[in-house]
Amino acid sequence: MKQKMTGRLVIFLFIVMIPLIITLLFRKEGSLPVSGDYGETSGNVSIDGEQNIDLQEYLIGITAAQLPGNYAPEAVKAQMILNRTYYYHVLGERTNLSADELGLKYLTKEERTARWRNEGCPEAADIFHRAAVESKGLVMTCQRALAVGMYHPVSAGKTRMFGEEYPYLRQVDSEWDRNAEGYITVIDYNSAVLLQKINAKWGLELSERSLKTGLQILKRDEAGYVEEILVGTVIAKGEELAECLSLPSTAFSFQWPEENRLSIVCLGQGHGYGMSQYGANYLAREGKTALQILQYYFQNVTIEIWKRDE
């Protein structure tokens, strides 16, 4: 009788353990844990000084404003972790804050539903909801401190190094970005409009005769982004000219197809630092997890549950 009971107990335990064994055998290496229910309170954000919404709802709303609805779940999750990290960085020791302090665009449930419908991505609601659930509480850290991760839509083929004070922002290859829609942008300016913008920006008196020699790229970084440019007698930053001429990135070059017309060829979209959102989506569709994506674009980082008292 005792042997029969023991045998039944072994069979029972084996049956109970089957789901766990299967999970361990087939779980992707580097996968992120499901860390909570979407409805749990994990922080609050005040919108327009009145409406307080749960952090999870807020993260869905801002991530929906940053990514297309057809992006892969792990890419959405990676972006959500970066947004949560930024939230806790701004929050500091407080318990809630205003959306104005974060300066991020937020889409309400109605707004993002309408966007996803227009994009033909009705399944996006479930994808973004699950990303909030599976990444709940997770942030990116470096050397036991929050690592605020920068991001941009499309790199110029490589991401940029930011500086020694940010050891996790290093240059990495993102060559798949060359296949992105909008990777190459060509913007034409005639001399009259170009002179008007440049002279007004820097208080110069450049003429059409001096424009071609007075606009020269002086320095690029290793990723191909312009760092310094000569504008008349002024040495300006690449970002300043990009802002002045409404360029999508600072990875630009000049071509003069005609004497009085300048073609500016831009590669990528955005500043080029940190995670390429297009690259993250590419890697996600290649089977990489959010953890693997973040640890590719950011060096020496850990993805963990954030506890402010540590």
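Treat the numbers as computed from the prediction; the structure is a model and nothing was measured.

Looking now at the sheet that holds strand 9 (residues 226–231). Paired through backbone hydrogen bonds, the strands of a sheet run either parallel or antiparallel to each other. In spatial order, the strands read 8-9-10; together these 3 strands make up an open sheet with antiparallel pairing. Pairing within the sheet leaves two strands with one partner each, and these edge strands are strand 8 (215–220) and strand 10 (234–237). Going from strand to strand, the sheet's axes swing by 25° on average, the running direction of each strand aside.

This next bit is on helix 3 (residues 73–91). With 19 residues, helix 3 extends 27 Å between its outermost C-alpha atoms, agreeing within 8% with the 27 Å of an ideal straight helix rising 1.5 Å per residue. Helix 3 sits mainly inside the fold: 14 of its 19 residues count as buried. Gly92 sits one or two positions beyond helix 3 and adopts a positive phi of about 60°.

Turning to the nonpolar core, a few remarks are in order. Grouped together as the largest cluster of nonpolar side chains are 55 residues, with contacts concentrated most on Tyr58, Phe128, Met275, Leu294 and Phe298. Among the secondary structure elements, those contributing two or more residues to this core are strand 1 (44–47), helix 2 (55–66), helix 3, helix 4 (99–102), helix 6 (124–134), strand 4 (138–142), helix 10 (277–285) and helix 11 (290–297). It is helix 3 that contributes the most residues to this core, 9 residues altogether. Discounting residues that sit within four places of it in the chain, Met275 has contacts with Ala78, Gln79, Leu82, Met150, Tyr151, His152, Ala280, Ile293, Leu294, Tyr297 and Phe298.

This next bit is on the pairing of strand 2 (residues 51–54). Inspection of the sheet shows strand 1 paired to strand 2 by 4 bridges, in the antiparallel sense. Across the sheet, residue Asn44 finds its bridge partner in strand 2, namely Asp54. Connecting strand 1 to the antiparallel partner strand 2 that follows it, the hairpin turn spans 3 residues, and Asp48 within it adopts a positive phi of roughly 60°.

Thresholds, definitions, all that
Residues numbered from 1 in each chain as written. Predicted model: local features only at pLDDT ≥ 70, side-chain atom pairs only at ≥ 80, totals over all residues. Heavy atoms only, no water. Pairing = 2+ DSSP bridges. Helix = DSSP H or I, 4+ residues; strand = E, 2+ residues; numbered from the N terminus. Axes fitted to C-alpha atoms, helices over the stretch in contact; angles between N-to-C directions. Expected span 1.5 Å × (residues − 1). Buried < 20%, exposed > 50% of the residue type's maximum accessible area, 1.4 Å probe, protein only. Core = buried A, V, L, I, M, F, W, Y, C linked by side-chain atoms within 4.5 Å. Contact = heavy atoms within 4.5 Å.

Note that every value here comes from positions in space, so none of it alone points to a role or purpose.
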